[in-house]
Amino acid sequence: MGRITLEKVTKSFGNVEVIPPLDLTIEEGEFTVFVGPSGCGKSTLLRLIAGLEDVSSGAISIDDQNATELPPAKRGLAMVFQSYALYPHMSVRKNIAFPLKMIKMDQAEIDRRVEGAASVLNLTDYLDRRPGQLSGGQRQRVAIGRAIVREPSAFLFDEPLSNLDAALRVGMRLEISELHERLKTTMIYVTHDQVEAMTMADKIVVLRAGHIEQVGSPLELYHRPRNKFVAGFIGSPTMNLIEGAEAAKYGAATIGIRPEHIDISETETKWKGVVGVSEHLGSDTFLHVHETGLTEMMTVRVTGDVNLKHGDTVHLSPREDLIHKFDAQGLRVD
Amino acid sequence: MARQVTSKRKALNTVLAWGIGLLIFFPILWTILTSFKTEAQAINDPPIFLFFDWTLENYQVVQERSNYGRFLWNSVIIAGGSTLLGTAIAIPAAWSMAFVPSKRTKDILLWMLSTKMLPAVGVLYPIYLLFIRMGILDTRVGLVVVIMLINLPIIIWMLYTYFKEIPGEILEAARMDGASLKEEVLYVLTPMAVPGIASTILLNIILAWNEAFWTLNLTAAKAAPLTSFIASYSSPEGLFYAKLSAASTMAIAPILILGWFSQKQLVRGLTFGAVK
Amino acid sequence: MATQHSRSAARMMMAPAVVLLLGWMLVPLIMTLYFSFKKYLPLRGGDLGWIGFDNYVRFVSSSAFWPSVSATLIIVGGVLTITVVLGVLLALMLDQPIWGQGIVRILVIAPFFVMPTVSALVWKNMFMDPVNGLFAHLWKFFGAEPIAWLTEVPLSSIVMIVSWQWLPFATLILLTAIQSLDSEQIEAAEMDGAPIIKRFWFIVLPHLGRAITVVVLIQTIFLLSVFAEIFVTTQGAFGTKTLSYLIYQRVLESQNVGLGSAGGVYAIILANIVAIFLMRMVGKNLDA
């Protein structure tokens, strides 16, 4: 259960086409992440799948049933919202029970399921509190609890972690990943954070302006970005993109090299520059190298013990086999 | 400012603020006090402030002589009826504008507000004429309708600003959770909006209760509410201070109490959300 | 953003309010316009035919017109000045920490809840009466000759009554605005060495600018149609006939509907000029 197919789906608001014709299949049990910069249409796409927006044309099917015209309630999907969207006037218990109440489930079964979800999510002690009395992380768990009790065919997550602070975010990321391991239910997860996408996804869908730029596993996207956009979007710090004469040497309009694929040396090598800011993370250091004559600034990842000061000259050598080449249209050339 | 202030300065501020507060409140206080005096004491020279023979006689006289009860009842029907009718029409309208906004929502809201700014005197005669033709001059029904219409924009605006604060995602969550439109409104929207709806109703009862243009011009004997009842005391033969005070106190007491409850919501309601 | 289904439901639910308000606006407005071009005297012959812009010309050329404009301006201007200035001072005062703040607030707000006929009547008889009014007693106490307020200084008296009614409104809104001022801003100014007067002038007052504008605009709309206070106190005598009271007299007292309607059209135009500014402010807030 939980195979979702989009066929030539489009969405326009007035005259503005936010999603041009789009095809996508999400396999059963897959953890799919929609990622892209803000305004890329990823949330809209999720809302189309949820049924909170009508498609302008095309078809959506869930488990080979045409769901295009179905109202949200009939699609068998559960959603976790960015703001958690908990019902503030209901206790945690009632919040979690609400979807079950709506399908008029037997009260004993409701209680059983709510207790079950609460113990999985460490909410047992909070069942009689109101959402307002909970911390951000707890609210997030209540929202997830409300989604899992229905045993939906797929979960939809709309940037669920963006309201949490950094430490909690890492924790919740793991919890959601574990939840997926345990339930094996299809999950669609929207985020603008490529780290979340890389760490959680089985399959990443990179979107820009409603277009799918690339679909693939995290490592596929990292190693073989299909175009300049994906290359720049996936990976942190971002890939260095070099145009002009240097790129021409490789027979490309643009070449890209990731910061972790550049080595530094004392002796004269291919490229040379002046060290600006060094960001020390302890394990690694990110050097900002200026005056290379190639780009405004190049980021180079070196080990944490490299000791270079502001203003030092540094020699750089990219690992030739890991240079990405792109043509004038920005598409990858091999 | 959560800053500590010396208690000497606080004491000084307190005295000043209480002094000014009492000065502003004084006309009301004086009216209430006078209502318990005899007519002779009410115009005593020099005026007596507290040490007079307290009496309830004025209230009895006003009750008996001018049929206060009927005016009060008219006020209750007109203020309550127009508010409830207006709220019933406004809730669905405000719901749509807050949760299903379109490009024209803003224009519609501003246009509704603009109808509130039509000077009443400019349309007095047409309304007067229509009322005669329809046979609703000097009826409670007529006034309920007119006062509902003049306050409808405020009701819609207030509800709109309250509904707007309910995140749309919560209603969408209900939809995802399998709630029908009816269940969504009943179990999720309404419980969340109750405080807003209550304060909207409260403020509009106050505005309707005190409305004094249409109530003076469209009523005579039958449907006149308290505003007209009090105005009838302006003729010289009604000039008895104690009785005037008793009548006034009775006319303002209910609304003074309601008003104190609603003071927190007043600002927002009266500025159409422009100041919060 | 929503589905087709919810959009059509929304239109249905909005329809009653829109239709009612549209009718409430258009029907009387068109009738007023219609009458304004007619010689129409319901008690003296009724409809006496079309007369073009005669009513408009006669309304402004009548001897009562300019005095009524000036009375209107004095009342509106006077009340606005008093309520805004005192309102700012009161709001600053109520923002200070004091004992019994809640009660003082209630005392200050109370006049707003008093119906206009009551406040007019109470002021007229119990305070401004030249024989038995409290002011007369006060004047005598200090050895001065009591003033017949509503005949000697009628406009000032009305300004005073109306100001008393509207001061709470101004105070309440300005207080809300002051309380929304970020205290860090004041503290930053204090760190920058600004003395209290300058802090008020350069930080508090500009912050209040928007609220003051709202107060001025909303009050202007209500003050332009002040009615009960005049109706109860002077009935428009002693130079207290405002533009709206003049129109009221033309229509209901002298039953010259055509002439009154032309006046009504002027009043509508005037109110709309103020309204446009108010709507701009409200509209801007709507986007935020």
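Parameters at a glance
- Residues numbered from 1 in each chain as written.
- Chains lettered and ligands numbered in written order.
- Predicted model: local features only at pLDDT ≥ 70, side-chain atom pairs only at ≥ 80, totals over all residues.
- Helix = DSSP H or I, 4+ residues; strand = E, 2+ residues; numbered from the N terminus.
- Buried ≥ 20, exposed ≤ 12 C-beta atoms within 10 Å, placed from the backbone.
- Contact = placed C-beta atoms within 7 Å.
- Nonpolar A, V, L, I, M, F, W, Y, C, P; charged D, E, K, R; others polar.
- Pairing = 2+ DSSP bridges.
- Axes fitted to C-alpha atoms, helices over the stretch in contact; angles between N-to-C directions.
- Core = buried A, V, L, I, M, F, W, Y, C linked by C-beta atoms within 7 Å.
- Parallel < 35°, antiparallel > 145°, perpendicular 65-115°, else oblique.
- Left-handed = near helix turned anticlockwise from the far one by under 90°.
- pLDDT = per-residue confidence, 0-100.

On a plain count of helices and strands, chain C comes out with 13 helices and two strands. When the backbone C-alpha atoms are referred to their principal axes, chain C occupies close to 75 × 75 × 30 Å. Across the 288 residues that make up chain C, the buried fraction comes to 44%. By sequence separation, contacts in chain C at least 24 residues apart represent 68% of the contacts at least 6 residues apart.

This part is about the overall build of chain B. Of regular secondary structure, chain B possesses 12 helices and zero strands. When the elements of chain B are put in sequence order from the N terminus, they spell out α-α-α-α-α-α-α-α-α-α-α-α. Taking the principal axes of the C-alpha coordinates as reference, chain B spans close to 75 × 70 × 35 Å.

Right, let's get into the interface of chain B and chain C. Facing the 86 residues of chain B at the interface are 88 residues of chain C. Ranked by residue count, the leading element in the side of chain B that touches chain C is helix 1 (residues 7-34) of chain B, at 16 residues. Its residues assigned to classes, the side of chain B that touches chain C comprises 65 nonpolar, 18 polar and three charged.

To continue, consider the interface of chain B and chain A. As a measure of interface size, the accessible area lost when the parts come together is often cited. Tallying the contact residues gives 14 residues for chain B and 17 residues for chain A. Elements represented by at least two residues in the side of chain B that touches chain A include exactly helix 8 (168-176) and helix 9 (181-210) of chain B. Sort the elements by how many residues they give to the side of chain B that touches chain A and helix 8 of chain B lands first, with six residues. The residue inventory of the side of chain B that touches chain A, partitioned by class, reads eight nonpolar, one polar and five charged.

This next bit is on the sheet that holds strand 7 (residues 154-158) of chain A. Residue and element names in this part refer to chain A. Ordered in space as 6-7-8-3-9-10, the six strands form an open sheet in which the pairing is mixed. A single partner strand is all that each edge strand has here, and the edge strands are strand 6 (77-80) and strand 10 (211-216). For this sheet the average axis-to-axis angle between neighbouring strands, irrespective of direction, equals 15°. In this structure, strand 3 (residues 31-35) lies alongside strand 9 (residues 203-208), joined through four bridges in parallel fashion. Directly across from V33, in strand 9, lies its bridge partner I204.

All names here are of chain A. As judged from the seven bridges shared by strand 15 (residues 284-290) and strand 16 (residues 297-303), these two strands associate in the antiparallel manner. Its bridge partner lying in strand 16, F286 is registered against R301. In sequence, strand 15 turns back onto strand 16 through a hairpin of six residues, with E291 there showing a positive phi of about 55°.

All names here are of chain A. For the bond from S236 to P237, the omega torsion is -5°, close enough to zero to count as cis. Looking at where P237 falls in the secondary structure, it is placed in the loop between helix 8 (228-233) and strand 11 (240-243). A positive phi is found at Y84, a non-glycine position, where the angle reads about 70°. Mapped onto the secondary structure, Y84 falls in the loop between strand 6 and helix 2 (92-102). Y84 gets classed as buried once you count the C-beta atoms within 10 Å, which come to 24. The phi angle at A209 is positive, at roughly 50°, despite the residue not being glycine.

Let us look at the environment of E151 of chain A. Tracing the chain through its elements places E151 of chain A in the loop between helix 4 (136-148) and strand 7. Look at E151 of chain A and you get partly exposed, because 13 C-beta atoms sit within 10 Å.

Residue and element names in this part refer to chain A. In strand 11, alternate side chains face the same way, and those of N240 and I242 are buried while those of L241 and E243 on the opposite face are not. Where strand 11 lies against strand 12 (residues 254-257), four bridges are found, and the strand directions are antiparallel. Looking across to strand 12, one finds that L241 is bridged to G256.

Turning to the sheet that holds strand 11 of chain A, a few remarks are in order. Across the sheet, which stays open at both edges, the four strands sit in the order 11-12-18-19 (chain A) with antiparallel pairing between neighbours. For this open sheet the edge positions go to strand 11 and strand 19 (332-333) of chain A, each flanked by a neighbour on one side alone.

Residues and elements named next belong to chain A. Here E28 lies in the loop between strand 2 (16-26) and strand 3. Overall, E28 belongs to the partly exposed group, with 14 C-beta atoms counted inside 10 Å. Sequence spacing of E28 and E181 is 153 residues, and the spatial spacing of their C-alpha atoms is 13 Å.

This part is about the nonpolar core. Residue and element names in this part refer to chain B. Residues A94 and I156 are the most contacted members of the largest nonpolar core, which totals 253 residues. Looking at which element gives the most residues to this core, the answer is helix 7 (residues 140-164), with 17 residues. When neighbours within four sequence positions are excluded, A94 is seen to be in contact with I156, L159, Y160 and F163.

This part is about the environment of I197 of chain C. Residue and element names in this part refer to chain C. Position of I197 among the secondary structure elements: in helix 10 (residues 196-224). On the neighbour-count criterion, I197 (8 C-beta atoms within 10 Å) is exposed. Spatially, the C-alpha atoms of I197 and V85 are 16 Å apart, while their sequence positions differ by 112 residues.

Further remarks concern the packing of helix 4 (residues 68-99) of chain B against helix 7 of chain B. Residue and element names in this part refer to chain B. Close contact between helix 4 and helix 7 brings their axes to 6 Å; oriented N to C, the two are set at 40°. On the basis of the axis angle, helix 4 is oblique to helix 7. Every pair of crossing elements has a handedness; the one defined by helix 4 and helix 7 is right-handed. Residue composition of the contact of helix 4 with helix 7, by class: 22 nonpolar, six polar and two charged.

Attention shifts here to the confidence of the model for chain B. Summing up the model confidence of chain B, the mean pLDDT is 82 and the portion of residues at 70 or higher is 91%. Within chain B, no element has a lower average pLDDT than helix 2 (residues 39-42) of chain B, which sits at 73, and none a higher one than helix 4 of chain B, at 89.

For the rest of this paragraph, the subject is the confidence of the model for chain C. Interpreting fine coordinate detail is not advised for predicted regions of low pLDDT. Across chain C, the average pLDDT comes to 82, with 97% of residues at or above 70. Per the prediction output, this complex has pTM 0.77; the corresponding ipTM is 0.82.

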